[in-house]
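Coordinate analysis (summary)
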Amino acid sequence: MSAPESLSLAQARRLALAAQGFDRPRPATVTSRQVTAVVDRIGLLQIDSVNVVERAHLMPLYSRLGPYPRQLVSAAASRPPRRLLETWAHEASLVRPDVYHLMGWRRAQPERYGWGMMKRIWRERPDLVRQVLALLDQSGPLTARAVQTQLGSARPRADQWGWNWSEAKAALEWLFLTGQVAAAGRGPNFERLYDLAERVAPPAPPGLPSDWPGQFRALTARAARAHGVASPACLADYFRMPAAETRRAVAELVEEGVLVPVQVAGWPGPLYRHRAARPPRAVAARALLVAFDPLIFHRRRVEALFGMRYRLEYYLPAARRVHGYYVMPFLLGDRLVARVDLKADRPSGRLLVRAASSEPAAPAGAVIEALAPELAELAGWLGLERTEVTVDARGDLAAGLALRLG
């Protein structure tokens, strides 16, 4: 067996950024074709309920394409033939139809991947599950609230916190998990609209594997293409695949020549490069990254490639937060050079900078000069009139940004 191909850390970073589309200039005008091309490239857009700056699934497109019409995403996910579909992937995610069908192994194992109330409803109230399915057959698409109202199912208790679902919602989520219903879109309050899957999801493309090993192999190859270079743990995490099945798929893809073993200085292996991935000579990116951006899904990979230890902090009590509530890393060139804690204050029309700090060895002046216009452009896309650094903003970049934006 020949020795693994050697890559420098800088080459590995550029591979990763090119695989995610950051090696390309932002287009002057964004079309639906460009939106779906980005999702094709990166594999998925993770959905999250927290909306401090903008919905999480909309931000990775902005980071790569710049200002774009948000309705392109909602149209792709709500109008037939749908070009984007919701499914459980990394977490709840928007994916292309081929990836939706490749996630069939998960929908076939609800006992393994379901949780809590949805499994209890399936076991204890199969009658309700059948009623919900029949109602959707007659009346869909409907929100969980509408289904609950029409069936008169038990409401959630007011004193419960978190996943406080009604029985109707739990039944819908069970049916969604198993693939019997699908998301036909989202309502004005971002409520999922449920309908029978056969009326929402396009048929599987010809030649797509329907067996589980084939699906794992195809998803592993797609994760590798989206990574450029990655460890088996990174590849498994991308679509939340079981580790053993991913390792088996990696071995088969190496045998087929789809994955190439590599070693990267300072990053413990084993590591693999997708055969189509080549590091560009330079990357001239400038982008703010939401916490759910696929580039930074795997936190240990972020630390190995960029030297940044990045964690979500909005679940922590304020006293335990180090960098802020909703912190977005700032990508400049091929490095993560800063962290910015942002909030879109829509009533006042301001994008608030609550903290801004540079990473070690990043030149603060150059970072401010690049970050200020990026913040102003983001504010414009969000429909906010101005960007403002709050008076109590923390971090070594705060004062310079205040002067630059003032």
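Residues numbered from 1 in each chain as written. Predicted model: local features only at pLDDT ≥ 70, side-chain atom pairs only at ≥ 80, totals over all residues. Heavy atoms only, no water.

1. Quick notes on the nonpolar core
- In terms of nonpolar packing, the biggest core is built from 142 residues, with Phe 239, Leu 342, Leu 378 and Leu 401 touching the most fellow members.
- A total of nine residues in this core trace back to one element, the largest contributor, which is helix α17 (residues 364-381).
- Beyond its immediate chain neighbours, meaning those up to four positions away, Leu 342 contacts Val 52, Val 53, Leu 288, Tyr 326, Met 328, Leu 351, Leu 352, Val 353, Arg 354, Leu 375 and Leu 378. (Core = buried A, V, L, I, M, F, W, Y, C linked by side-chain atoms within 4.5 Å. Buried < 20%, exposed > 50% of the residue type's maximum accessible area, 1.4 Å probe, protein only. Helix = DSSP H or I, 4+ residues; strand = E, 2+ residues; numbered from the N terminus. Contact = heavy atoms within 4.5 Å.)

2. Remarks on the packing of helix α1 (residues 9-19) against helix α13 (residues 212-227)
- Where α1 meets α13, the closest approach of the two axes is 6 Å, and the angle between their N-to-C directions is 115°. Overall, the two elements α1 and α13 adopt an arrangement that is roughly perpendicular. Seen from α1, the contacting residues are Leu 15, Ala 16 and Ala 19; seen from α13, they are Arg 225, Ala 226 and His 227.
- Each residue belonging to the contact of α1 with α13 can be placed in one class, and the counts come to four nonpolar, one polar and one charged. (Axes fitted to C-alpha atoms, helices over the stretch in contact; angles between N-to-C directions. Parallel < 35°, antiparallel > 145°, perpendicular 65-115°, else oblique. Nonpolar A, V, L, I, M, F, W, Y, C, P; charged D, E, K, R; others polar.)

3. Let's talk about the side chain of Thr 143
- Within the fold, Thr 143 resides in the loop between α9 (126-139) and α10 (144-151).
- Given a relative accessible area of 15%, Thr 143 falls into the buried group.
- With residues near it in sequence (within four places) discarded, Thr 143 still touches Glu 191, Arg 192, Leu 193 and Tyr 194.

4. Observations regarding the packing of aromatic side chains
- As enumerated under the stated definition, the model contains twelve aromatic pairs in all.
- Relative to Trp 381, the ring of Tyr 62 has its centre 4.6 Å away and its plane inclined at 25°; by these criteria the two rings are stacked. Taken together, the residues span a long stretch of sequence, with Tyr 62 in helix α3 (residues 59-65) and Trp 381 in helix α17 at a distance of 319 residues.
- On the basis of relative accessible area, Trp 381 is assigned to the buried category, the value being 9%.
- Pairing Trp 122 with Trp 174 gives two aromatic rings, centres 4.7 Å apart and planes at 20°, and the pair type is stacked. Pair noted here: Trp 122 is in helix α8 (residues 116-124) and Trp 174 is in helix α11 (residues 167-177), with a separation of 52 residues, a long-range link.
- According to the relative accessible area criterion, Trp 122 is partly exposed, its value standing at 34%.
- Put simply, the rings of Tyr 314, Tyr 315, Tyr 325 and Tyr 326 pair up and form one aromatic cluster.
- For Arg 55, the ring lying beneath its charged end belongs to Phe 190, and the centroid distance is 4.1 Å. (Phe/Tyr/Trp six-rings, centres within 6.5 Å; stacked < 30°, edge-to-face > 60°. Lys NZ or Arg CZ within 6 Å of the ring centre and 35° of its normal.)

5. Remarks on the packing of α13 against helix α15 (residues 243-256)
- Axis separation between α13 and α15 bottoms out at 9 Å; the angle between their running directions is 75°. Taken together, the axes of α13 and α15 are roughly perpendicular relative to one another. Every residue of α15 that contacts α13 at Phe 216, Arg 217, Thr 220 and Ala 221 is listed here: Glu 245, Thr 246, Ala 249, Val 250, Glu 252, Leu 253 and Glu 256.
- Taken together, the residues of the contact of α13 with α15 break down into five nonpolar, two polar and four charged.

6. Concerning unusual backbone geometry
- Each neighbour pair has its own omega, and for Pro 80 with Pro 81 the value is -10°, a cis peptide bond.
- Looking at where Pro 81 falls in the secondary structure, it is placed in the loop between α4 (71-78) and β3 (85-88).
- Pro 141 follows Gly 140 through a cis peptide bond whose omega is 0°.
- The residue Pro 141 is located in the loop between α9 and α10 in this model.
- In this structure, Phe 190 takes a positive phi of about 65° despite not being glycine.
- If you trace the backbone, Phe 190 turns up in the loop between β5 (181-186) and β6 (192-196).
- Phi is positive for Ala 361, close to 75°, though the residue is something other than glycine.

7. Some details on the sheet that holds strand β2 (residues 45-46)
- Pairing within the open sheet is antiparallel, and its three strands lie in the order β2-β4-β3. The strands lining the two open edges of the sheet, one partner per strand, are β2 and β3.
- Two strands pair when backbone bridges link them, and β2 and strand β4 (residues 92-95) are joined in this way by two bridges, in the antiparallel orientation. By the bridge assignment for β4, Leu 45 is matched with Leu 94. (Pairing = 2+ DSSP bridges.)

8. Observations concerning the side chain of Thr 390
- With respect to the helices, strands and loops of the structure, Thr 390 is situated in strand β14 (residues 386-394).
- Those residues in contact with Thr 390 that sit more than four places away from it in its chain are Leu 352, Val 353 and Arg 354.

9. Regarding the sheet that holds strand β13 (residues 350-358)
- The strand order across the open sheet built from five strands is β10-β11-β12-β13-β14, with neighbouring strands paired in mixed fashion. Every other strand in the sheet has two partners, leaving β10 (285-288) and β14 as the edge strands with one partner each. Taken over all neighbouring pairs, the strand axes of this sheet differ in orientation by 30° on average, direction set aside.
- Across six bridges, the pairing between strand β11 (residues 327-333) and strand β12 (residues 335-345) is antiparallel. When the bridges of β12 are listed, Phe 330 appears paired with Ala 338.

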